[in-house]
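Residue-level structure breakdown
Now for the letters of each chain:
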Amino acid sequence: MAALDKSERKVILLTGAVLSIFFFSMLYARGKYTDVPECLPYDKVYEEPKVTKLDEKTYQVYAVAKMWQFEPAEIYIPTGSEVDFFLTSKDVVHGFNINDKGVNMMAVYGNINKTTVKFDKPGVYKITCHEYCGTGHQNMQAQVIVNDPLAKN
Ligand SMILES: [Cu+2]
C-alpha cells in the first residue's frame, strides 16, 4: 500500500477532529438537557383530568387537551414543587407549551407524553397550545399558579 499523500492525511485528521467535536457536544448536551419528554404506554386513566398530590412538594397532573381547552385549566401548587405532567388529547393534535419552563410537548390522541417540571419561583405560568388545532386555537390556555395565597390545596 502506498504511503498517504500529505493532503489526504490532512483531510483524515480534519474529519477526525470534526467528528470528535460532534461526539463531545452530544455528550455535553446529554448532560445538560436530560429532561426530554417520555412516551408512555396508553391507558384510559389518563383521559380523566386531575391533579394529585403525592407529597408536600410532588404533584402529578393528568392534563387533557381537547378542542379548545386544557383540563385542568388551573393548577395550584406551592413553590418548589415538582410536577409530573401526563398529557393526552381527546381529539386532534394539540401543543402544550409552558412559558418560561422550556416545556414543549405534543398532545396526541391515543398517546401519553410525560415530562417533569420543577417550579422554584412563585408566579403564574401560562400553558398555551402552540400547534394550530382549529378555529378556537388561540383560546387554548391554562395556567400553573405557583404559591397563590388563595391556593386551595
Ligand atoms: Cu391549538
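See the structure above.
Where burial is concerned, most of strand S6 (residues 81-89) is hidden: 8 out of the 9 residues are buried. Pairing of strand S3 (residues 58-66) with S6 involves 8 bridges; the strand directions are parallel. If you follow Val64 over to S6, its bridge partner there is Thr88. Judged from the 7 bridges that link them, S6 and strand S9 (residues 112-119) form a sheet pairing that is antiparallel. Looking at the pairing, Asp84 lines up with Thr116 of S9.

What follows covers the coordination of the copper ion. Listed as protein donors to the copper ion are Cys129 (SG), Glu131 (O), Cys133 (SG) and His137 (ND1); their distances from the metal cover 1.8 to 2.7 Å. Every donor counted, the 4 donor atoms about the copper ion form angles of 83 to 124° at the centre, which fits irregular coordination. When the donor residues of the copper ion are listed from N- to C-terminus, their spacing reads C-x1-E-x1-C-x3-H. Assigned by exposure class, Cys133 and His137 land together as buried.

So, on to the environment of Ala65. Take Ala65: it is sitting in strand S3. A C-alpha to C-alpha distance of 8.4 Å links Ala65 and Gly95, two positions 30 residues apart in sequence. With residues up to four places along the chain from it excluded, the contact list for Ala65 reads Phe70, Thr88, Ser89, Lys90, His94, Ala107 and Met140.

What counts and what doesn't
- Residues numbered from 1 in each chain as written.
- Predicted model: local features only at pLDDT ≥ 70, side-chain atom pairs only at ≥ 80, totals over all residues.
- Heavy atoms only, no water.
- Buried < 20%, exposed > 50% of the residue type's maximum accessible area, 1.4 Å probe, protein only.
- Helix = DSSP H or I, 4+ residues; strand = E, 2+ residues; numbered from the N terminus.
- Pairing = 2+ DSSP bridges.
- Donors = N, O, S within 2.8 Å, 3.2 Å for Na, K, Ca; no water.
- Tetrahedral: all angles 85-135°; square planar, octahedral: opposite > 155°, others 65-115°.
- Contact = heavy atoms within 4.5 Å.

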